[in-house]
There are 2 protein chains.
Amino acid sequence: MTTETPRRQPTLDEVAERAGVSRSAASRVINNAPHVSRAKREAVRRAVDDLGYVPNATARALATQQAGSVVLAISGDDPGMFADPFFAEVVVGVNSVLEETELELMLSLATSSRGQARLEQLLRTRQADGVMLMSLHGDDPLAALAANASVPVVFGGRPLNFEPRYYVDADNRGGARLATEHLVAAGRRRIATITGRLDEGAGMARLQGFQDALAVAGLDNTLVENGEFREDGGSIAMTKLLDRAPDLDAVFIASDQMAIGALRVLARAGRDVPGDVSIVGFNDITSARHTEPPLTTVNQPIHALGREMARMLLALMSGDQPSPLILPTQLVIRSSV
Amino acid sequence: MTTETPRRQPTLDEVAERAGVSRSAASRVINNAPHVSRAKREAVRRAVDDLGYVPNATARALATQQAGSVVLAISGDDPGMFADPFFAEVVVGVNSVLEETELELMLSLATSSRGQARLEQLLRTRQADGVMLMSLHGDDPLAALAANASVPVVFGGRPLNFEPRYYVDADNRGGARLATEHLVAAGRRRIATITGRLDEGAGMARLQGFQDALAVAGLDNTLVENGEFREDGGSIAMTKLLDRAPDLDAVFIASDQMAIGALRVLARAGRDVPGDVSIVGFNDITSARHTEPPLTTVNQPIHALGREMARMLLALMSGDQPSPLILPTQLVIRSSV
DNA sequence: CTGAAAGCGCTAACAA
DNA sequence: TTGTTAGCGCTTTCAG
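Cut-offs and rules
- Starting from 1, residues in each chain are numbered consecutively following that chain's sequence as written.
- The lettering of chains begins at A and the numbering of ligands begins at 1, in the order of writing.
- pLDDT decides what is reported in this predicted model: residues at 70 or higher carry local features, side-chain atom pairs at 80 or more are listed and counted, and totals for whole chains, interfaces and linings draw on all residues regardless.
- Excluded from the side-chain calculations are hydrogens and water; all other atoms, namely the structure's heavy atoms, are used.
- To get an axis, a line is fitted to the C-alpha atoms, and for a helix only the part in contact is used. The angle between two axes follows their N-to-C directions and goes from 0 to 180 degrees.
- We count a stretch as a helix when DSSP gives it H or I for four or more residues in a row; a strand needs E for two or more, and each element gets its number in order from the N terminus.
- Angle categories: roughly parallel below 35 degrees, roughly antiparallel above 145, roughly perpendicular from 65 to 115, and oblique for all the rest.
- Crossings are classed by handedness, with left-handed meaning an anticlockwise turn of the near helix from the far one by less than a right angle and right-handed meaning a clockwise turn.
- Any two residues having at least one pair of non-hydrogen atoms within 4.5 Å are treated as being in contact.
- Three labels apply to residues, based on accessible area from a 1.4 Å probe with only protein chains included: buried if under 20% of the type maximum, exposed if over 50%, partly exposed otherwise in between.
- Should DSSP find at least two bridges between two strands, the strands are regarded as paired.
- Seen with its strands pointing away from the viewer, a crossover is right-handed when the path leading from the first strand over the helix to the second is clockwise.

By the naming in an unreviewed UniProt entry, chain A goes by LacI family DNA-binding transcriptional regulator and is assigned to Kribbella ginsengisoli.

Listed below in structure tokens is the structure:
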């Protein structure tokens, strides 16, 4: 502890003066650079302690041309979408690796035109040294932005229209396939699916995985309804499916949210789950354990997704050229099918 | 659109030169300052467009001594605690007001000693102009940090040991009282409670609200067990309560998470909810709608909490002295008691 | 209204 | 191993 009420943060010059050395010497000591005698080094250290010196991050940033921070940007069209617990867990993953560095984390919710403009500004004014960009939609203007950004960009998930150079994604297609195969293996033959938004990479990939599995099994794959990834969308889609194919005996649903909506419709329709109709969801959200019956679903490693995005960005920032990463998903069986 | 591949961001000097004016004039135009002739003003504007000039945020920050960002810090002892959807919604609220400003949002998860040190560093190096600090525990070292920080600090929730000067809180005590009164009004007489962590302001306030209501009703208030705000804690506490008071007919549970755990125990014990035992939770998390039966609970305005924290911080930063705020909570009745 | 000049606090190239 | 000297890019007095 030093002075209780430091009027002003001491500057490097003051440290240098107090230690009786030049400013550059002080600077070297503080940055653990070589070419400083033991004696001076200690004098500076002492002065730093005495004065309670802390280097001014902004000044350093200006001199080194490095902001000292990275940004996690969530793109989308709904300002409330970040409330999805999914992102919170990504943040924890990201933080777990940033914590070991000196980099600060900025959060940019580019979920409105104003938000997107701000992100663009953030990047152009060089307030961040790198970007992690999540949840791109089909025609997302941010894709372009990312392409000619002057800092490294890693994508979380793959957008539909192009394959980013650097990304981390969950194996959505594989997971959907797994889920559907599980249904097939259980003897189900009339299998439908409720898809998520098909203008998102994840939504499309899950549909493809579903189709992959049915193709192999030689089953009909035309029982498809879109639920937009929303709970009420799931209800509506389930209603339509029941209408179109009263004899369906299983549904692969591209998100647990939608599955919850669908379960409600099934219950109301008097169908027993999983007796009459088997259901498999996707995401393994917390609620999935508390539905009736507990939901069989596909778990994706969200924490790892965040962690690997951050790792990849660090690699990029230090000049490496990491390979894209696809993280495995796995089936969590809750209600026996 | 301008040059496709700008080698380097243009500087203010380049703009000035191109416009044929002094750098100070250019600076004034860019900051909408007065004392610039119409002609020059337009010349500068044109130059800015032509060159695609964007001011360098770091340089500006150094000159103005303002970082241009604020930080939302979550303190605690569990690195995963941010995964609680609660925080995600706070973030959305905070963002909704920051979006209208030029301020960037930094996120600091001070949930480990390393994280706390980093937050401290962040503040000392002046990388942020203000702090929103959430979820302080009883002996949280960050309280002190906040006290003598050189930037404005607003608290989200009130810590136990001291009353911050500026805070936004939900009416936890009032909500708990409401919940308990609801139980009393339903004719319940043997009412227990499962508390959250009592070293947190919210945990303690909810216990007090419970006691308030029972005191008024003149009922016994000794049926208290601690569940630490965790699902398994709720199960354990419920088991103990059933043991201590097999005749209990209602439980006020300080979080929905714990309520979910408790419900499971009750079901296993063959107690009908709400027939034999009435339950009221707290927080109104998404899962609360999907329990069996749907959970009656206390909703707190999380989005508003974030929004008001941000507003208060802005007020503080502009020199005002806002009053603390307590946001109302309300009962959400799902399963008839 | 206008521009010159002096910083903001730190880093880094270059001589010594 | 040292210290001197320029910057980094922008803002802001202060004379004119």
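*Asks:* What should I look at first to understand the packing of helix H1 (residues 12–19) of chain A against helix H3 (residues 38–51) of chain A in this one?
*Replies:* Residue and element names in this part refer to chain A. Contact pair H1 / H3: the axes reach a minimum separation of 8 Å and the direction vectors enclose 125°. It follows that H1 is oblique to H3 by the angle criterion. For the crossing formed where H1 meets H3, the hand is right-handed. Across from Glu14, Val15, Arg18 and Ala19 in H1, the residues of H3 making contact are Ala43, Val44, Ala47, Val48, Asp50 and Leu51.

*Asks:* Hey, could you run me through unusual backbone geometry in this one?
*Replies:* Excluding glycine, a negative phi dihedral is what most residues carry, and trans is how most peptide bonds are arranged. Looking along the chain, the bond that leaves Val273(A) and enters Pro274(A) is cis, with omega of 5°. As for its position among the elements, Pro274(A) is in the loop between helix H11 (256–268) and strand E9 (278–280). Of note, Phe229(A) is a non-glycine position whose phi angle comes to about 70°, a positive value. In this structure, Glu228(B) takes a positive phi of about 60° despite not being glycine. Position of Glu228(B) among the secondary structure elements: in the loop between strand E7 (224–226) and helix H10 (231–244). Given a relative accessible area of 37%, Glu228(B) falls into the partly exposed group.

*Asks:* In this structure, what is going on with the pairing of strand E3 (residues 131–134) of chain B? I would like to understand it.
*Replies:* In regular strands, side chains alternate between the two faces of the sheet. Residues and elements named next belong to chain B. In E3, alternate side chains face the same way, and those of Val131 and Leu133 on one face and Met132 and Met134 on the other are all buried. Strand direction decides the pairing type here: strand E1 (residues 69–75) and E3, joined by 4 bridges, are parallel. Directly across from Leu72, in E3, lies its bridge partner Met132. Taking the sense of rotation as the criterion, the β-α-β connection linking E3, helix H7 (residues 142–147) and strand E4 (residues 153–156) turns out right-handed.

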